[in-house]
Amino acid sequence: MNVAARASSPCPLCRGSRHAPYVVVKGYTYHRCEDCGFAFLDPMPSQMNLNAEYQGHKGINADYYPHAASRRRKALFRALRLIRHIRGRTVIDIGCGGGFFVGAARLLGATAATGVDVDASTVAYAQRAYPRCNFHCVPLELFVPAARYDLVHCSEVMEHAPDPHVLMRLLGACCRPGGHVFVTTPDLGSPNVPTPVGRWPGFAPPVHTGLFTEENLRTLFHRYGFRPVLRLPPRKTGMKLLFRLESIA
Ligand SMILES: [Zn+2]
C-alpha cells in the first residue's frame with residue numbers, strides 16, 4: 001500500500017481512501033482518486049461556507065443580471081433541444097441562477113416551471129423576470145420538493161456539490177419515475193483540458209469542489225436508478241447528458 005497516497009478523508013464519490021494531490025490552484029489542493037478518477041478539494045470546504053460564497057455575486061440584483069440577453073438566448077436554444085420533455089410537462093431547475101432556463105421552459109409550453117437557487121439576488125432577478133414561474137430561495141441541500149417533475153434541469157451544479165450523493169438524492173426526489181434529468185458539468189476527461197491541467201477553468205476553487213469524468217457521472221447516475229438516453233455534443237470541455245429515471249434507488 002502506498003502510504004503517501006493516503007489522505008485524511010475518503011473520496012466523496014466512491015468513498016475510496018486511495019487519493020493523492022493532483023493540482024494546486026490559488027492555494028487550494030485538488031486530490032485525484034486512484035480508484036474512480038474523481039478530482040476533489042482536500043480539505044473540502046463546508047457547505048455553509050460555500051453557501052455564503054454564493055450570495056450577491058457580480059452585482060446581481062432584481063433589475064440586473066450580467067449577460068442576461070445572451071443567457072436568455074442560450075437557455076431558449078437548450079430548451080428547444082429538450083422540447084419533447086418540456087411541452088405539456090412539468091420542469092424544475094436545480095441551481096437555476098437568474099431563471100433563464102425556467103423562463104424558456106414556460107415559454108415553450110411547460111405546464112409548470114420551477115427554479116431553486118441558494119443566492120437571494122439571483123432568485124429576486126428570476127422572480128421579477130419570469131413572474132409566471134415559481135422560484136424558491138433555499139440551500140439545495142435543504143430543499144424538499146413538493147412534487148415530482150417530468151424534467152429536472154441541473155446545469156453547472158454538480159461541480160459545486162461537496163457531497164455529490166446529497167445532490168443525487170435531491171435529483172432523484174425531484175424526478176418522477178420515467179422522467180428525465182438533464183445535467184451539464186465540466187468534463188475532467190475531455191481531450192480539450194489543457195496541459196498543465198492547473199490552467200483549466202474547471203478547477204475554480206473554492207466553489208468548484210469536484211470535477212467528474214463522464215464515466216464518473218454515468219456510474220453515479222446508474223447508482224441512483226438513472227439510465228443515460230442522450231448525450232449532446234460537448235462544447236469546449238463540458239459534458240451534457242440526459243438521464244431517464246428507471247427505478248427509485
Ligand atoms: Zn473515488
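Quick notes on the rules
- Residues numbered from 1 in each chain as written.
- Predicted model: local features only at pLDDT ≥ 70, side-chain atom pairs only at ≥ 80, totals over all residues.
- Heavy atoms only, no water.
- Helix = DSSP H or I, 4+ residues; strand = E, 2+ residues; numbered from the N terminus.
- Rg over C-alpha atoms; globule rule 2.2 N^0.38 Å.
- Buried < 20%, exposed > 50% of the residue type's maximum accessible area, 1.4 Å probe, protein only.
- Contact = heavy atoms within 4.5 Å.
- Salt bridge = Lys/Arg side-chain N within 4 Å of Asp/Glu carboxyl O.
- Donors = N, O, S within 2.8 Å, 3.2 Å for Na, K, Ca; no water.
- Tetrahedral: all angles 85-135°; square planar, octahedral: opposite > 155°, others 65-115°.
- Phe/Tyr/Trp six-rings, centres within 6.5 Å; stacked < 30°, edge-to-face > 60°.
- Lys NZ or Arg CZ within 6 Å of the ring centre and 35° of its normal.
- Pairing = 2+ DSSP bridges.
- Axes fitted to C-alpha atoms, helices over the stretch in contact; angles between N-to-C directions.
- Core = buried A, V, L, I, M, F, W, Y, C linked by side-chain atoms within 4.5 Å.
- Right-handed = clockwise from strand over helix to strand, strands pointing away.
- Patch = residues over 30% accessible without salt bridge, like charges linked within 9 Å, V, L, I, M, F, W, Y side chains within 5 Å.
- Areas by Shrake-Rupley, 256 points an atom, 1.4 Å probe, with all protein chains shown as cover.

## Digging into the overall build of the chain
Inference 1: Along the backbone of the chain there are six helices and 11 strands.
Inference 2: Scaling as 2.2 N^0.38, a compact globule of 249 residues should have a C-alpha radius of gyration of about 18 Å, and the chain matches this with 18 Å.
Inference 3: By its C-alpha atoms, the chain is 55 × 40 × 35 Å across when sized along the principal axes.
Inference 4: Looking at the 249 residues of the chain, the share that counts as buried comes to 52%.
Inference 5: Put simply, of all contacts in the chain between residues at least 6 apart along the chain, 63% involve residues at least 24 apart.

## Some details on the pattern of salt bridges
Inference 1: Summed over all chains, the structure comprises eight salt bridges.
Inference 2: A network of salt bridges, in which partner residues are shared, links R18, E34 and D35.

## Points about the coordination of the zinc ion
Inference 1: Surrounding the zinc ion are the protein donor atoms C11 (SG), C14 (SG), C33 (SG) and C36 (SG), at 2.3 Å.
Inference 2: One can describe the donor arrangement at the zinc ion as tetrahedral, given that its four donor atoms subtend angles of 104 to 115° at the metal.

## Brief notes about the packing of aromatic side chains
In this description, a pair of aromatic rings is defined by centroid distance and the angle of the planes.
Inference 1: The final tally for this structure, using the stated rule, is 11 aromatic pairs.
Inference 2: Centre to centre, the rings of F221 and F226 are 5.3 Å apart; their planes meet at 70°, and the pair counts as edge-to-face. Per residue, the accessibility class of F221 equals that of F226, and both read buried.
Inference 3: By way of ring pairs, the aromatic residues Y22, Y30, W200 and F203 are connected into one cluster.
Inference 4: Over the face of the ring belonging to Y22 we find R32, whose NZ or CZ atom lies 5.1 Å from the ring centre.

## Observations concerning the sheet that holds strand β10 (residues 226-232)
Inference 1: Taken together, seven strands build an open sheet; the order of strands is β6-β5-β4-β7-β8-β11-β10 and the sheet is mixed. Because the sheet does not close on itself, it has two edges, and the strands there are β6 (134-137) and β10. Recorded for the sheet is a direction-independent mean angle of 20° between the axes of neighbouring strands.
Inference 2: Strand contacts of helix α6 (residues 214-223): β8 (175-186), β10 and β11 (238-245), with the helix running at about 15° to β11, the strand carrying the most contacts.

## Concerning the nonpolar core
Inference 1: The biggest cluster of nonpolar side chains holds 35 residues, and the ones touching the most others in it are I94, M158, L167, L171, F221 and F226.
Inference 2: Mapped onto this core, the elements with two or more residues apiece are β4 (90-94), β7 (149-155), α5 (164-174), β8, α6 and β11.
Inference 3: The biggest single contributor to this core is α5, with five residues.
Inference 4: Beyond its immediate chain neighbours, meaning those up to four positions away, L171 contacts I94, V152, C154, M158, V181, F221 and F226.
Inference 5: Core analysis: the next-biggest nonpolar cluster, separate from the first, contains 27 residues, I60, L108, Y125 and F135 among them.

## Some details on the environment of I86
Inference 1: Inspection of the secondary structure assignment puts I86 in the loop between α2 (68-81) and β4.
Inference 2: Sequence separation of I86 and L107 is 21 residues, and the distance between their C-alpha atoms is 9.8 Å.
Inference 3: Excluding residues within four positions of it along the chain, I86 makes contact with A79, V91, F101, A105, L108, G109, A110 and L151.

## Notes on the pairing of β8
Inference 1: β8 sits mainly inside the fold: 10 of its 12 residues count as buried.
Inference 2: As paired strands, β7 and β8 are joined by six bridges and run parallel to one another. What sits directly across from L151, in β8, is H180.
Inference 3: Handedness of the crossover is the feature at issue here: the chain leaves β7, passes through α5, returns alongside β8, and the resulting connection is right-handed.
Inference 4: Inspection of the sheet shows β8 paired to β11 by seven bridges, in the antiparallel sense. Bridging across to β11, T184 finds its partner in K240.

## A few points about a nonpolar patch on the surface
Inference 1: A cluster of nonpolar side chains, namely L76, L80 and L107, defines an oily patch on the protein surface of about 280 Å² accessible area.
Inference 2: With respect to the helices and strands, L107 occurs in helix α3 (residues 100-107).

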